[in-house]
Amino acid sequence: MESEAIGAIGLGLLLVLMILRVPVALTMLIVGVVGFAQIISWDAAVAQLKTVPVEVLSNYSFSAVPMFILMGVLAAHSGMAGKLFDSTRVICGGWKGGLAIAAVGSCGIFSAISGSSLATASTMTRVALPEMERYGYNRGLATGALAAGGTLGIMIPPSIALLIYAILTEQSVGDMFMAGLIPGLLGLVMYSLTVTLVMWLRPSLAVAGEPTAWKEKLLSLTGLVPFFGVFLVMILGIYFGAFTPTEGASVGAFATLLYALVKGMRGAQLWASVQETLALSAVVFFMLVGAETLGYFISVSRISFSITDMLYGMDLTPIVVVLCILALYFVLGMFMDSIAMLVITVPVVYPIIQAMGIDPVWFGILTVLTVELGLMTPPVGMNVFVIKAMAPHVGLGEIFKGVAPFVVSDLLRLALLIAFPILSTMFLL
């Protein structure tokens, strides 16, 4: 049997195993090893099982992953998130829908040091949802704003998704972070405008919060200082070459740890934070080992080159190819976890992008944004299920209905980034 046919069968088996609820990391590992053995040999496939985990776990660039996770966990456990929401709530005091805008803003700022959409969504739901319910906010609007705000963590640097894309495609992590800055901030602004528009169309969904004086608003900015301090140290340090992105992750984690210690975090809380970081990091690294193994199989099967040749034969323009791939990501995002989708598909589509001469950094931003949409869309919508777990009294239908305007907002943002690539590339190193 030809290698391309084995590659196609392997990808089909990959989908079947995921439908059967086999863990994604294990699915990639099984298909990668068995497929590689069918094309090369079982001896070579078994040898991979010894070398690939060592390659992944000893890769210096990947050491940033647990540092970013630790940073977000410490921020969540040290009370930084509560102070953040209190500050944004005061700043938006008196506005119609101000608490929802404050929730979105808090998610965007928290994600700047969290790097994880799921961590952002769960942390800010715990902090902000009770307050919005106390003021009589429609539960769909409240949970929809939090589900959408949580997705900002996948784009605003430092982002674990951008980091993984950069490593898988051998792009500069610093370039990917800089490229995600404007699209991430654009998402924050557009989500806030979406809340404002919803309030204009359906004013009964929320009430104006307690008005606050300008002096209170200015004093509340002190609650944002820890976040902006850590964020600016990392981003400016990376941008101006003071340290690498990996070193920047360590600097950010250390700064967050110092804040947590100053605020009184001690033994049991610190140990719980370390345990949570280790558990989340293990999941990510297991998926990366599976993705690396699958990538070797896809490479020797040459299926990516066959798809590229087919696209050349169809005489499609690069932008049409990009739109087709993004459409595929949008559909897959309805059923798969965002990180899993990246590590499975990037080894397949990236050679096509290279062959078509498409800017890999710009394409990476479009890919991550489309993956971000999958965090809000049914039937999976990971952020929606996270919020459902945190607020079991709110129905899934209510949350999906509440998040719908934000999905439209993201589609508009995606269209802007496709039409104006400069929005992603203006700050490249």
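Data block above holds the structure.
Before going into details, it helps to say that this report is about the structure given with it. Just so we're clear, the structure is a prediction, and the values are computed from it rather than from any experiment.

## Points about the nonpolar core
If you look at soluble globular proteins, the nonpolar side chains tend to sit buried side by side.
Here is step 1: Counting residues in each nonpolar core, the largest one holds 134 residues, and the members touching the most others are F68, M132, Y137, L146 and F363.
Here is step 2: Not counting chain neighbours up to four residues away, the residues in contact with L146 comprise A103, C107, A121, M124, T125, A128, L129, M132 and I387.
Here is step 3: L70, L74, A253 and M265 belong to the second largest nonpolar core, which has five residues in total.

## Considerations on the packing of helix α8 (residues 139-151) against helix α19 (residues 382-390)
Here is step 1: Two elements in contact, α8 and α19, have axes whose closest approach is 9 Å; the angle formed by their N-to-C orientations is 130°. Overall, the two elements α8 and α19 adopt an arrangement that is oblique. The two elements α8 and α19 meet at a crossing, and its hand is right-handed. Of α19, the residues touching α8 (which contributes T143, L146, A147, G150 and T151) are N383, V384 and I387.
Here is step 2: Considering only residue class, the contact of α8 with α19 consists of four nonpolar, four polar and no charged.

## A closer look at the packing of aromatic side chains
Here is step 1: Applying the stated criterion across every chain, the model contains three aromatic pairs.
Here is step 2: Ring geometry for F68 and F177: centres 5.9 Å apart, planes at 65°, overall edge-to-face. Taken together, the residues F68 in helix α4 (residues 64-77) and F177 in helix α10 (residues 173-201) connect sequence positions 109 residues apart. Judged on exposure class, the residue F68 and its partner F177 are both buried.
Here is step 3: The residue whose ring lies beneath R413 is Y191, and the NZ or CZ to ring-centre distance is 5.8 Å.

## Digging into the environment of A44
Here is step 1: Turning to its location among the elements, A44 is positioned in helix α3 (residues 42-57).
Here is step 2: Sequence separation between A44 and S106 is 62 residues; the distance between their C-alpha atoms is 50 Å.

## Brief notes about a nonpolar patch on the surface
Here is step 1: Judged by side-chain polarity, F228, L232, L236, Y239, F240, L416, F420, I422, M426 and F427 come together as a nonpolar surface patch covering roughly 940 Å² of accessible area.
Here is step 2: By residue number, the principal contributor to the nonpolar patch is helix α12 (residues 225-239), which donates four residues.
Here is step 3: Position of F420 among the secondary structure elements: in the loop between α20 (396-419) and α21 (422-425).
Here is step 4: Given a relative accessible area of 46%, F420 falls into the partly exposed group.

## Description of the side chain of R413
Here is step 1: Assignment of secondary structure puts R413 in helix α20.
Here is step 2: Of the polar contacts made by the side chain of R413, one reaches the side chain of D410; its length is 2.5 Å.
Here is step 3: In this view, R413 contacts P183, G184, L186, G187, M190, Y191, L369 and E372; residues no more than four positions away in its chain are not counted.

Conventions we followed
- Residues numbered from 1 in each chain as written.
- Predicted model: local features only at pLDDT ≥ 70, side-chain atom pairs only at ≥ 80, totals over all residues.
- Heavy atoms only, no water.
- Core = buried A, V, L, I, M, F, W, Y, C linked by side-chain atoms within 4.5 Å.
- Buried < 20%, exposed > 50% of the residue type's maximum accessible area, 1.4 Å probe, protein only.
- Contact = heavy atoms within 4.5 Å.
- Axes fitted to C-alpha atoms, helices over the stretch in contact; angles between N-to-C directions.
- Helix = DSSP H or I, 4+ residues; strand = E, 2+ residues; numbered from the N terminus.
- Parallel < 35°, antiparallel > 145°, perpendicular 65-115°, else oblique.
- Left-handed = near helix turned anticlockwise from the far one by under 90°.
- Nonpolar A, V, L, I, M, F, W, Y, C, P; charged D, E, K, R; others polar.
- Phe/Tyr/Trp six-rings, centres within 6.5 Å; stacked < 30°, edge-to-face > 60°.
- Lys NZ or Arg CZ within 6 Å of the ring centre and 35° of its normal.
- Patch = residues over 30% accessible without salt bridge, like charges linked within 9 Å, V, L, I, M, F, W, Y side chains within 5 Å.
- Areas by Shrake-Rupley, 256 points an atom, 1.4 Å probe, with all protein chains shown as cover.
- Salt bridge = Lys/Arg side-chain N within 4 Å of Asp/Glu carboxyl O.
- Polar contact = N/O pair within 3.5 Å; in protein donor to acceptor, adjacent residues only side chain to side chain.

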